[in-house]
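# What the coordinates show
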Amino acid sequence: MRRLHLQIWSLRHKHARTCSGYQTDTNNNNIIQQTIGMESITQIFRIGYGPSSSHTIGPRRAAEMFLERNPAAKSFRVTLYGSLAATGKGHLTDVAILAVLEPHAPTEIVWRADVVKPFHPNGILFESFDSAGKQLEEWLIYSIGGGVLANEHFNEQRGREVYPLNKMSDILDELNRRGLSFWEYVEENEGPEIWDYLSEVWEVMKNAIQEGLEAEGVLPGGLGVRRKAANYLIRAQGYTPGVRSRGNVYAYALAVSEQNASGGRIVTAPTCGSSGVIPAVLYHLQQTREFSDKRILRALATAGLFGNVVRTNASISGAEVGCQGEVGVACAMGAAASSQLFGGTLSQIEYAAEMALEHHLGLTCDPVCGLVQVPCIERNAFAAARALDANTYANFSDGRHRISFDQVVEVMRQTGKDLPSLYKETSQGGLAAVHC
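Rules and cut-offs
- Residues numbered from 1 in each chain as written.
- Predicted model: local features only at pLDDT ≥ 70, side-chain atom pairs only at ≥ 80, totals over all residues.
- Heavy atoms only, no water.
- Buried < 20%, exposed > 50% of the residue type's maximum accessible area, 1.4 Å probe, protein only.
- Helix = DSSP H or I, 4+ residues; strand = E, 2+ residues; numbered from the N terminus.
- Pairing = 2+ DSSP bridges.
- Core = buried A, V, L, I, M, F, W, Y, C linked by side-chain atoms within 4.5 Å.
- Contact = heavy atoms within 4.5 Å.
- 1 Å grid on protein atoms, 1.4 Å probe; cavity = no way out; pocket = protein on both sides within 12 Å on 5 of 7 lines; lining within 4 Å.
- Points joined across faces, edges and corners; volume = space filled by probe spheres on them.
- UniProt positions renumbered as here; feature names shortened; annotations may be inferred.
- Phe/Tyr/Trp six-rings, centres within 6.5 Å; stacked < 30°, edge-to-face > 60°.
- Lys NZ or Arg CZ within 6 Å of the ring centre and 35° of its normal.

### Observations regarding the pairing of strand β4 (residues 75-81)
Of all 7 residues making up β4, 5 are buried, and the element is well covered by its neighbours. Both β4 and strand β6 (residues 123-129) contribute to a ladder of 6 bridges, which runs antiparallel. Counted as the bridge partner of Leu80 is Ile124 from β6. Pairing analysis gives 6 bridges linking β4 to strand β5 (residues 107-112), with the strands arranged parallel. Within β5, the residue paired with Val78 across the bridge is Ile109.

What follows is the structure in structure tokens.
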């Protein structure tokens, strides 16, 4: 039955591959937004393998698409630009691409960290050649975050409009007017099939926690970082209930993030690098408060809606806006989800999300040696705890606050734009420069 529902969902959204929401300005190759809606929250929750949605999931998907168009090619050349080249080896970008193309034909990887294309920092140029070395096709594509692909001619982030509104203030007005909750708004626009999709998402999240808690040893990559999740879980049991609870949250977030760092199966939420936050929050609440799976799925739907607003109006790409767009957005999503589970009003839920994102503004993306390990794994644990704190703080209030979620999203977008490139997933500044 689940397979049938997923097939129905796929048919319902199969044409979300066109750029209907955008128009190209041929004079300067900029993309002009024309839409007022949003795509499906399934673009926020993508099931895949770590360690990076923009550096592994996106490039691998792009390689699969290029191979499908060039089945007769006798060789390939793939040039990685900007952030993809700067941190691609640590993120296993070349491994992801070669796994697709190399079995078919010899493939050369060219690293050009010195070239940053204006469309997005994560540029990939695919070239195919015949047996005589004559070029058959070239395709310049960008991995813009969350495993999503785009260029001047199409944008997966702007496919079929599933939601008619893209501002949280407008959504709140609509829900208050009609007496709906966030998750009911999601169901209304996505269709009942969304619950089967989110059910699979939740199963993958739980499996990542459980597998991560069982795994031990050193993470791949050369930094010598040992897995900590299992030890944190064991040590937490020796503390008083309050501290034990917080230790368990850390352990769950570490478990997923360590699975991601080792190339395990996870869910982008909204990215691979921030995949540990929401599973940790929801798994902890289900374990301690016995929330049913149905309520957890509703909380996931609400989290996805908030992440979707950020994705549509700003970015969830560390290469574009820094880690505020990854861990910061994940924290906001986790805060919204937990606030709903604890019976927060619409305003309290929005306040929790706003607060969680606001206090991550300016967070840089400076992975040591280009690996999604330091400080990424630790940040997931702290953000999971902060999401729960934001929920508590918001639910003590009446929900009224001065700064709206939309305003913080806009500030995040502008802050990311103003951040120097060396602090945006290039591994050239900040903590990365201290170590490597």
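From this point on, the discussion continues.
### What about unusual backbone geometry?
A cis geometry characterises the amide bond from Gly50 onward to Pro51, with omega recorded as 10°. Structurally, Pro51 can be placed in the loop between β3 (47-49) and α2 (53-69). Residue Val374 is joined to Pro375 through a cis peptide bond whose omega torsion reads 5°. Mapped onto the secondary structure, Pro375 falls in the loop between α14 (346-358) and α15 (376-396).

### A closer look at the nonpolar core
The tendency in soluble globular proteins is for nonpolar side chains to be buried as a group. By size, the foremost hydrophobic cluster in this structure holds 95 residues, and its most contacted members are Phe45, Phe182, Leu198, Leu282, Leu300 and Phe405. In terms of residue count, helix α7 (residues 194-214) provides more of this core than any other element does, 11 residues in total. Setting aside its immediate chain neighbours within four residues, Leu198 contacts Ile41, Phe45, Leu297, Leu300 and Ala301. In terms of nonpolar packing, the next biggest core, distinct from the first, is built from 21 residues, Leu84, Ala85, Ile97 and Phe154 among them.

### Re empty space enclosed by the protein
Tallying each qualifying case throughout the model produces 2 cavities of 30 Å³ or more. A volume near 180 Å³ is recorded for the largest cavity. Lining of the largest cavity is provided by 24 residues; of these, Gly273, Glu326, Cys365, Val372 and Glu425 occupy positions nearest its centre. Those elements that provide at least two residues to the lining of the largest cavity are α2 and α15.

### Focus on the UniProt feature "domain: Serine dehydratase-like alpha subunit" (unreviewed entry) in the protein
UniProt records the feature "domain: Serine dehydratase-like alpha subunit" (unreviewed entry) for residues 181-432 in the present numbering. As annotated, residues 181-432 comprises 64% helix and 1% strand, and the C-alpha atoms at either end are separated by 42 Å.

### Quick notes on the packing of aromatic side chains
On inspection of all chains with the given rule, the structure shows 13 aromatic pairs. Ring geometry for Phe66 and Trp139: centres 6.3 Å apart, planes at 5°, overall stacked. One end of the pair, Phe66, is in helix α2; the other, Trp139, is in strand β7 (residues 135-145), with 73 residues separating them in the sequence. Just as Phe66 is buried, Trp139 falls in that class too. Relative to Phe306, the ring of Phe182 has its centre 5.2 Å away and its plane inclined at 65°; by these criteria the two rings are edge-to-face. Of this pair, Phe182 sits in helix α6 (residues 182-190) while Phe306 sits in helix α11 (residues 293-313), and the two are 124 residues apart along the sequence. For the pair formed by Phe182 and Phe306, the shared burial category is buried. An aromatic cluster is present here, built from Phe66, Phe76, Phe126 and Trp139 joined pairwise through their rings. One residue, Arg298, lies across the ring of Trp183, its end atom 4.0 Å from the ring centre.

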